[in-house]
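Observations on chain architecture
Okay, here's what each chain looks like letter by letter:
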Amino acid sequence: MLKLDNVGKSYRTSEVETRALDSVSLEIGAGEFVAVMGPSGCGKSTLLNVLGLLDSPSEGDFWFCGENVARYSERQLTALRRAALGFIFQSFNLIDDLSVAENVDVALLYRRVAASERKRRIAEALERVGIPHRAKHLPQQLSGGQQQRVAIARALVANPKLILADEPTGNLDTANGDTVMSLLTSVADAGTTVVMVTHSLAHAAHARRTIKLLDGRIVSETLLAA
Amino acid sequence: MLRHYFLAAVRNLARNKLYSTINVVGLAVGFAAATLIALFVRDELSFDRQWPQHERIHVVAASLQLEGRGPIESQGANADAAVRLRTRVPPEVAVARLTPEEHTVRRGDFEANETVSFVDPQFFDILQMSTLAGTLDSVLQRPDTLVLTASTARKYFGRIDVIGETLELDRQHAMRVAAVVADLPSNVHLSATLFAAGRAAFSPLTAADATPWPPRGLSLNTLTYVKLPPGMAPERVARELTAMSAEYKAAVGVVLPMKLVPIADVHMRLPQFSAVPAGNATVLYIVSVIALLIVAIAAINFVTLMTARAARRATEIAVRKTVGAEQRDLMIQFTGESILHALLALIIGFALVELLLPAFNDFTQRTIHLSYTRDCAFVAAIGLLAAFTGGLAGIYPSLVLSRFRPAQVFKGGPLPTGGSAAVRQTLVVTQFAVLITLIVAATVVYRQVNFAMNEGWRLDKDQVLAISSSCGNAFATELRKLPGVRAAACSGGAPYACCGGSGVLGPDGTQLSMSAVAIEPGFFELYGLRQPLAGRLFSADHPGEVGPRGGDSRFIGPVILNATATRLLNFASPQAAIGQVIRQPPGRYNTGVESEIVGVVEDFPVSSLRDPIEPIVFFTDAGFFNMVSVKLDGRQIPQTLAAIDKLWKQVGEPRPINRWFADAFLEDLYREDLRQGQMAAVSASIAVFIACLGLFGLAAFTAERRTKEIGVRKALGASRSDIVRMLLWQFTKPVLWANLIAWPVGWYVMHRWLERFAYRTEIEPWMLLGASALAIVIALATVATHAFVVARARPVTALRYE
């Protein structure tokens, strides 16, 4: 489903060039649950941004569902993101002014889904993450764990082919972290591809494959036995 | 989708109370000011459009062209023009006149001085007014009939059903009320309250009709209305007027071009005739620009605060983009949010308009109404302006915000604000440039009006009372004996509002025009002018300088000239004029007498300072007196006035006393200028208020954004005053930059404004510096609170903020 071929990503300021990804080649199949690990600054988030079509590679090719998207325009990337991707962030990134249901709704809004259909799918997504009773609350009225579950519901509601999770348990205590991991595992089990950046070995163990990065390069890949 | 955007906008508005309030209140005040100004402009442009078939009604406007002077424009024409015109045009063309004249009106014991409008019977066929009692059909055909406005009927009778009741004019002419009409609205060129039959024996129209052709003199004091039949081009009548002008030239020797002006254009195109000030297109342009500037200042607040607070919404934008929002979607959202702010502000703005309209009407002397049902086109236009302003103000922030890249936002790096800080600075500079310009404008207008009413006038006007009187009885004599009266002198017009033109012959025999004023010895001294430039002033010691001369001439006997008159007559100096004679052309106005020049006085304005000082010849014929100036000693003024009123009743003329103070008259003369000055000051205050709101918001935002930086600075040893200085300097810079725009623009605009005055003050550097200093003080006072609060915070608190 995803194929990176010698992908590099550099950031330039006027004087300094920072190389965040260096000749990364990687293939991820449909329905895989992949964990990405590595020390701070190794390029994990950059890799996730490239995979999530939030950033384009400086060099190399990126095949997404059979299409080379490395040179896609912002508009094409947006269309693809809208159609196929869901995101979960460490800091939840919920919109403070919107209620739980409305936050989830944002993922459907730009897909021009009919109102009645959106309502049904929001209810379903909130049910799936276990917080249907919080639909009308504002994010700041929820605990961290609950907020992350809203973020997962938002990522799931549009039935994306790929979910990218950037340290989804980083701001959570152990119990809430475990709940989130169970949810992600069940999502992957249901056939959605999940790529997750994490610092936690325990949480990485939920994934079928773990990729380790160092200085922008893949230094190891571990495949968990089925 | 729209519902979602609406909800998001409403919640954002509710959550960010300070910034929302600043935006909405600023815009609301801006819209209120703009709406009031728009109402005023609409009112100015709506003059005389309410008359039925107004597009067929015209006014004959004559302009008098005299040697040695510029053309004197008028709304009026000579009274015989209508009569002569009627004989030249088809009978379907209706022609009617109105001549105003001062008369006393009495009912029982109640008597007052009124301006009576004498009109031809066809007058009400042309200007159709709504009747409240009686009928206007064939009204005023009888010479003893009156038509009252409702307020005049109430003034004399306490009610409006007064048909058949009688009022007495000049205590001798009994006039019967034939109809009562509604009061004239404020947006007509007339200010008439009492119409009398022009056929009355004592009417100036009857007198004019009885005068044989050619007329002995010209008086452009008659409004002549022409109503064309459907389909007739005005040029048909205009041609006749041109021919009539030629007849005047041939018979009277005066160049008197006459034109046909559509009644709806009279207010803006012709000078003031009755008490209604003439319109001024330049003023309309200026106030319209001011209204737009005020709205622009409020819109700038929106742009600066939205872009300043962009980082606050970065996460929301990034999330939306991540889930597939396109730039267009976000632009629609943020522009819509801006329009929502604007529409909310509009509602509050309209509420403010409702509150302020009565005071605004008092200020402008108008009866402006805003009806949301009848004026729906106007309300819709203001609504569209609001939506357009909101949309325009929202475009730039939405462009900046929608360009955020999610990856960068999530990484926490610097946001690509697309130069919005520079744009923000530019906008703040623009705001301050506008308000410094307005402060300069207000200062210059006030200074000029002050100059016009004080030193520009040159004569002493303090405690000078003027009383309308022919001085032909014991009143003027007895007046001088009253306690509290220092001096009294009769004259044919006040030195600040005179005078009839008179012809004199120049050295080469050409006829020149001068103003001629009859005065009594002691007149100049009463107005503080004790020394002539040359020769002497009139004196009671010279027997030939007291009392009436009679005869046909305007001036017989010795005369005094002003300095301008000596220059017109080509005298080398004031001294050179003494002992010389001036000659009046023999014939129509006089018998060709020569008058000796006994004195020359310095120039002083005899009307508005807008007009150049005229050449004036002063003479002493008591037959021309129509007022007495009284210098009071300034002590116990109410008692002195009461004594004067009592004396008037005892030995004065058989009518109520008509008196006024010279300074009050001058205030009236410059009321429009004063009003313009006040308008500039109020506009500047509104602009200052809105700009300060924006600055306050920006300071709050800066204080919030720089908390960490300030913490670090304090941790490294910066004192509280260092921090305050740093923050205050940040907000002083845009004001200093603003001067670069405001000074030249303010100087140029006000220089052009001052050019309307023949005698004017200068724009001095202190006015520009003062305006800038005031702007800086206002800016600093606005941001000081935030600066002090932030500077006082302990470094640990500031650092913990992150």
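What you are looking at is a predicted structure, and each value in this text was computed from that prediction instead of being measured.

A look at the overall build of chain B
- Helix and strand counts for chain B stand at 25 helices and 22 strands.
- When its C-alpha atoms are laid out on the principal axes, chain B stretches across 100 × 60 × 55 Å.
- Looking at the 802 residues of chain B, the share that counts as buried comes to 44%.

Let's talk about the overall build of chain A
- In terms of regular secondary structure, chain A is built from 7 helices and 10 strands.
- A globule of 226 residues ought to have a C-alpha radius of gyration of about 17 Å, and chain A, at 17 Å, matches this closely.
- Counting only C-alpha atoms, chain A reaches 50 × 40 × 40 Å along its principal axes.
- The buried share of chain A, reckoned over its 226 residues, is 50%.

Quick word on the domain arrangement of chain B
All names here are of chain B.
- Partitioning chain B into structural domains gives domain 1 (1–47 + 281–418), domain 2 (54–269), domain 3 (433–455 + 671–802) and domain 4 (464–669).
- The gap between the C-alpha centroids of domain 1 and domain 3 is 23 Å.
- Contacts between the two partners involve 21 residues from domain 1, matched on the other side by 16 residues from domain 3.
- Where the side of domain 1 that touches domain 3 is concerned, the elements lending two or more residues are α2 (17–45) and α9 (281–308).
- If you tally residues by element for the side of domain 1 that touches domain 3, the top one is α9, at 12 residues.
- In terms of residue class, the side of domain 1 that touches domain 3 is made up of 16 nonpolar, 4 polar and 1 charged.

A look at the sheet that holds strand β4 (residues 59–64) of chain A
All names here are of chain A.
- The antiparallel open sheet is built from 4 strands, whose spatial order is β2-β1-β4-β5. Every interior strand has two partners, whereas the edge strands, β2 (17–28) and β5 (67–68), have only one.
- Summarising the sheet, strand β1 (residues 2–12) and β2 pair through 8 bridges and their orientation is antiparallel. Residue pairing in the sheet places K3 in a bridge with E27 of β2.
- Along the sheet face, helix α1 (residues 44–51) touches β1, β2 and β4 and points at about 60° away from the line of β2.

Observations regarding the interface of chain A and chain B
- Listed as interface residues are 21 residues of chain A and, on the opposing side, 21 residues of chain B.
- Those elements that provide at least two residues to the side of chain A that touches chain B are α1, α2 (74–84), β6 (85–89) and α3 (100–109) of chain A.
- Of the residues forming the side of chain A that touches chain B, the biggest block, 5 residues, is contributed by α3 of chain A.
- Residues belonging to the side of chain A that touches chain B are distributed by class as follows: 9 nonpolar, 4 polar and 8 charged.

Notes on the packing of α9 of chain B against helix α12 (residues 376–402) of chain B
Residue and element names in this part refer to chain B.
- Contact geometry of α9 with α12 gives a least axis separation of 9 Å together with a crossing angle of 25°. Taken together, the axes of α9 and α12 are roughly parallel relative to one another. For the element pair α9 and α12, the recorded crossing hand is right-handed. Side by side, α9 and α12 meet where V295, A299, F302, V303, M306 and T307 of the first sit next to T389, L392, A393, Y396, P397 and V400 of the second.
- Split by residue class, the contact of α9 with α12 holds 10 nonpolar, 2 polar and no charged.

Looking at the nonpolar core
- In this structure, V36 of chain A together with I294, L435, V617 and A687 of chain B are the most contacted members of the largest nonpolar core, which totals 242 residues.
- Here this core gets 17 residues from one element, more than from any other, and that element is helix α14 (residues 420–453) of chain B.
- Residues I57, A81, V139 and M175 of chain B belong to the second largest nonpolar core, which totals 67 residues.

Points about helix α5 (residues 144–156) of chain A
Residue and element names in this part refer to chain A.
- Here α5 is 13 residues long and its end C-alpha atoms lie 18 Å apart, about the 18 Å a rise of 1.5 Å per residue gives.
- Within α5, 11 of the 13 residues are buried, which leaves the element mostly enclosed by the surrounding structure.
- Buried within α5 we find Q146, Q147, Q148, R149, V150, A151, I152, A153, R154, A155 and L156.

Some thoughts on unusual backbone geometry
All names here are of chain B.
- Across the junction of W213 and P214, the peptide omega takes the value 0°, indicating a cis bond.
- Positive phi, close to 55°, is recorded for D170, a residue that is not glycine.
- Its location among the elements puts D170 in the loop between β7 (166–169) and β8 (173–181).
- Look at Q463: it is not a glycine, yet its phi comes out positive at around 60°.
- Within the fold, Q463 resides in the loop between α14 and β12 (464–468).

Details of the environment of G216 of chain A
Residue and element names in this part refer to chain A.
- With respect to the element layout, G216 can be found in the loop between β9 (209–214) and β10 (217–223).
- Residue G216 is classed as buried on the basis of its 23 C-beta neighbours within 10 Å.
- Taking the C-alpha atoms as reference points, G216 and G43, separated by 173 residues in sequence, lie 4.9 Å from one another.

Points about the packing of α3 of chain A against helix α4 (residues 115–129) of chain A
All names here are of chain A.
- Packing of α3 against α4 leaves a shortest axis separation of 10 Å and a crossing angle of 120°. As the angle between them shows, α3 and α4 are arranged oblique. For the element pair α3 and α4, the recorded crossing hand is right-handed. On α4, the residues touching A101, V104, D105 and L108 of α3 are R118, R121, I122, A125 and L126.
- Of the residues contributing to the contact of α3 with α4, the split by class is 6 nonpolar, no polar and 3 charged.

A closer look at helix α5 (residues 150–157) of chain B
Residues and elements named next belong to chain B.
- Where α5 is concerned, the buried positions are T152, A153 and Y156. Projected down its long axis, α5 carries its buried residues within an arc of 100°, all on one side.
- Of the residues flanking the end of α5, it is G158, one or two places downstream, whose phi is positive at about 75°.

Details of the pairing of strand β20 (residues 616–619) of chain B
Residue and element names in this part refer to chain B.
- Here β20 shows a buried face lined by I616 and F618 and a second buried face lined by V617 and F619.
- In the sheet, strand β17 (residues 559–562) pairs with β20 via 2 bridges, with the strands oriented antiparallel. Counted as the bridge partner of I560 is F618 from β20.

Observations regarding the sheet that holds strand β8 (residues 193–197) of chain A
All names here are of chain A.
- Spatially, 6 strands are ordered β6-β7-β8-β3-β9-β10 in an open sheet, and the strand pairing comes out mixed. Both edges of this open sheet fall to β6 and β10, since each of them pairs with a single strand only. Going across the sheet, the axis of each strand differs from the next one's by a mean of 15°, ignoring polarity.
- In terms of strand pairing, strand β3 (residues 33–37) meets β9 through 4 bridges, oriented parallel. Bridge assignment links M37 to a residue of β9, and that residue is K212.

Considering the confidence of the model for chain B
- Put simply, chain B has an average pLDDT of 84, and 93% of its residues get 70 or more.
- If you check the scores for this complex, the pTM reads 0.74 and the ipTM reads 0.76.

Quick look at the environment of V59 of chain B
- By the secondary structure assignment, V59 of chain B is in strand β1 (residues 57–64).
- A sequence separation of 205 residues divides V59 of chain B from A264 of chain B, and the C-alpha atoms of the two residues are 9.5 Å apart.

Observations concerning the environment of A476 of chain B
All names here are of chain B.
- Within the fold, A476 resides in helix α15 (residues 474–479).
- Sequence separation of A476 and A488 is 12 residues, and the distance between their C-alpha atoms is 7.4 Å.
- Not counting the four nearest positions on each side in its chain, A476 is found in contact with S469, C471, A488, C490 and V628.

Rules used in this analysis
Residues numbered from 1 in each chain as written. Chains lettered and ligands numbered in written order. Predicted model: local features only at pLDDT ≥ 70, side-chain atom pairs only at ≥ 80, totals over all residues. Helix = DSSP H or I, 4+ residues; strand = E, 2+ residues; numbered from the N terminus. Buried ≥ 20, exposed ≤ 12 C-beta atoms within 10 Å, placed from the backbone. Rg over C-alpha atoms; globule rule 2.2 N^0.38 Å. Domains from an automatic or database assignment. Contact = placed C-beta atoms within 7 Å. Nonpolar A, V, L, I, M, F, W, Y, C, P; charged D, E, K, R; others polar. Pairing = 2+ DSSP bridges. Axes fitted to C-alpha atoms, helices over the stretch in contact; angles between N-to-C directions. Parallel < 35°, antiparallel > 145°, perpendicular 65-115°, else oblique. Left-handed = near helix turned anticlockwise from the far one by under 90°. Core = buried A, V, L, I, M, F, W, Y, C linked by C-beta atoms within 7 Å. Expected span 1.5 Å × (residues − 1). Arc of directions from axis to C-beta. pLDDT = per-residue confidence, 0-100.

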